Amino acid sequence: MQLPPLVHPVRQMGRRTIDFSQRIAVMAIVNRTPDSFFDQGATFALEAAVQAAVDAAEQGADWVDIGGAKFAPGPEIPAAEELDRVLPVVERVAARSDVVISVDTFRADVAEACIRAGAGVVNDTTGLSDPDMAAVVAASGASLVLTHSLAAPRTEYPRPHYDDVAGEVRRFLEERVQRAVDAGIPEARLFIDPGHDLNKNTVQTLELTRRMAEITSLGLPTLAAVSNKDFVGESIDAPKSERLEGSIVAATVCAMLGARVLRMHDVRASVAAARMMEAVLGLREPANPVHNV
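Residues numbered from 1 in each chain as written. Predicted model: local features only at pLDDT ≥ 70, side-chain atom pairs only at ≥ 80, totals over all residues. Heavy atoms only, no water.

Enquirer: Sorry if this is basic, but what is going on with the overall build of the protein chain here?
Expert: In terms of regular secondary structure, the protein chain is built from 10 helices and 10 strands. Relative to the 2.2 N^0.38 estimate, which gives 19 Å for 293 residues, the radius of gyration of the protein chain is 18 Å and therefore close to what a compact globule would have. The principal-axis extent of the C-alpha atoms belonging to the protein chain is close to 60 × 45 × 40 Å. For the protein chain, buried positions account for 55% of its 293 residues. Here the analysis covers contacts within the protein chain between residues at least 6 apart in sequence; of these, 69% occur between residues at least 24 apart. Within the structure as shown, the protein chain displays about 12,500 Å² of accessible surface, and the carbon and sulfur contribution to it stands at 53%. Looking at charge distribution, the protein chain has the averaged site of its 29 positive side-chain charges lying 2 Å from that of its 40 negative ones. (Helix = DSSP H or I, 4+ residues; strand = E, 2+ residues; numbered from the N terminus. Rg over C-alpha atoms; globule rule 2.2 N^0.38 Å. Buried < 20%, exposed > 50% of the residue type's maximum accessible area, 1.4 Å probe, protein only. Contact = heavy atoms within 4.5 Å. Areas by Shrake-Rupley, 256 points an atom, 1.4 Å probe, with all protein chains shown as cover. Lys, Arg positive; Asp, Glu negative; His and termini not counted. Charge placed at Lys NZ, Arg CZ, Asp CG, Glu CD.)

Right under this line is the structure:
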């Protein structure tokens with residue numbers, strides 16, 4: 001199967017090097033928020049958050065994404081409070097593991113502090129809404145995930161409309177990539193994310209998933225954040241606690257169309273799925289090929 005080629009497949013992030021021409025990376029999710037979408041505050045306590053990240057690394061996650069303010073609409077979380085939530089987690093995980101650490105934030109000052117503490121990636125789900133973000137990342141050695149979304153941080157965006165969802169998402173990402181490059185961030189430090197469900201309804205997200213190759217053909221490693229999202233639940237009529245199988249299928253479709261990073265809640269199942277996808281796609285040899293030999 002022919003996958004869209006990557007312009008810069010080998011990436012150094014923190015203390016790990018990943019060759020995305022041979023690897024489908026699993027990004028674990030650690031939300032230090034009391035109202036997180038899926039775990040509803042299970043990792044809000046500091047030690048719980050740190051242990052969840054370390055456990056994810058031990059289960060095979062390539063990196064962990066640490067967030068202190070969810071994307072969904074809600075009261076503004078002051079920058080100081082967000083930093084108090086994420087910085088100690090980044091510091092403690094970096095001291096215990098070489099796993100890639102990303103900080104899920106749209107604020108440049110939060111990103112800057114976390115990069116100094118050991119985060120190798122900034123995961124900006126607002127696609128550079130903070131005018132200082134690109135400069136902060138450019139001045140560091142960190143990588144940046146550019147995500148498609150339309151709403152201002154923490155605000156409603158009712159009834160989103162697209163005439164051509166995949167085409168419009170692609171053009172948005174092209175523009176943000178150019179903005180990042182113009183600010184001094186090399187393409188070799190950029191990832192893209194089409195933003196499943198972010199200011200999109202289920203029908204739009206499903207179409208975007210089917211047309212994922214139009215995003216991955218941009219040539220940058222593409223992140224698919226599909227885990228337990230509403231488009232999965234609404235597609236199979238499943239509550240959040242029963243969306244694992246649907247999430248794995250959605251992640252598999254994205255990877256088969258060229259996605260190289262899967263942001264997932266269930267690390268063990270997702271890692272197994274990623275290793276199987278690599279073997280099927282011919283990205284690596286089977287781990288133990290003894291059948292009928």
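Enquirer: So what exactly am I meant to see when it comes to helix α10 (residues 267-281) here?
Expert: Since there are 3.6 residues in each turn of an α-helix, residues three or four apart along the chain are aligned in direction. For α10, with 15 residues, the first-to-last C-alpha span of 21 Å sits near the 21 Å given by 1.5 Å per residue. Considered for burial, the residues of α10 that qualify are Val-267, Ser-270, Val-271, Ala-273, Ala-274, Arg-275, Met-277, Glu-278 and Leu-281. On its buried face, α10 is in contact with β3 (25-31), α1 (46-58), α9 (244-256) and β10 (261-264). For α10, the side-chain oxygen to backbone nitrogen distance between the N-cap and Arg-268 is 3.5 Å, and the N-cap itself is Asp-266. Just beyond α10, the residue with positive phi is Gly-282, at close to 75°. (Expected span 1.5 Å × (residues − 1). Polar contact = N/O pair within 3.5 Å; in protein donor to acceptor, adjacent residues only side chain to side chain.)

Enquirer: What exactly am I supposed to notice about the pattern of salt bridges here?
Expert: Pairs can form between side chains of opposite charge whenever their charged atoms are close. Tallied over the entire structure, the rule returns 17 salt bridges. With its nearest N and O atoms 2.7 Å apart, the salt bridge here joins Arg-107 to Glu-82. Within this pair, whereas Arg-107 is found in the loop between β5 (100-104) and α3 (108-117), its partner Glu-82 is found in helix α2 (residues 79-96), the two being separated by 25 residues in sequence. Residue Arg-107 is classed as buried on the basis of its relative accessible area, which comes to 10%. Note that Arg-211 is salt-bridged to Glu-214, the shortest N-O span being 2.7 Å. (Salt bridge = Lys/Arg side-chain N within 4 Å of Asp/Glu carboxyl O.)

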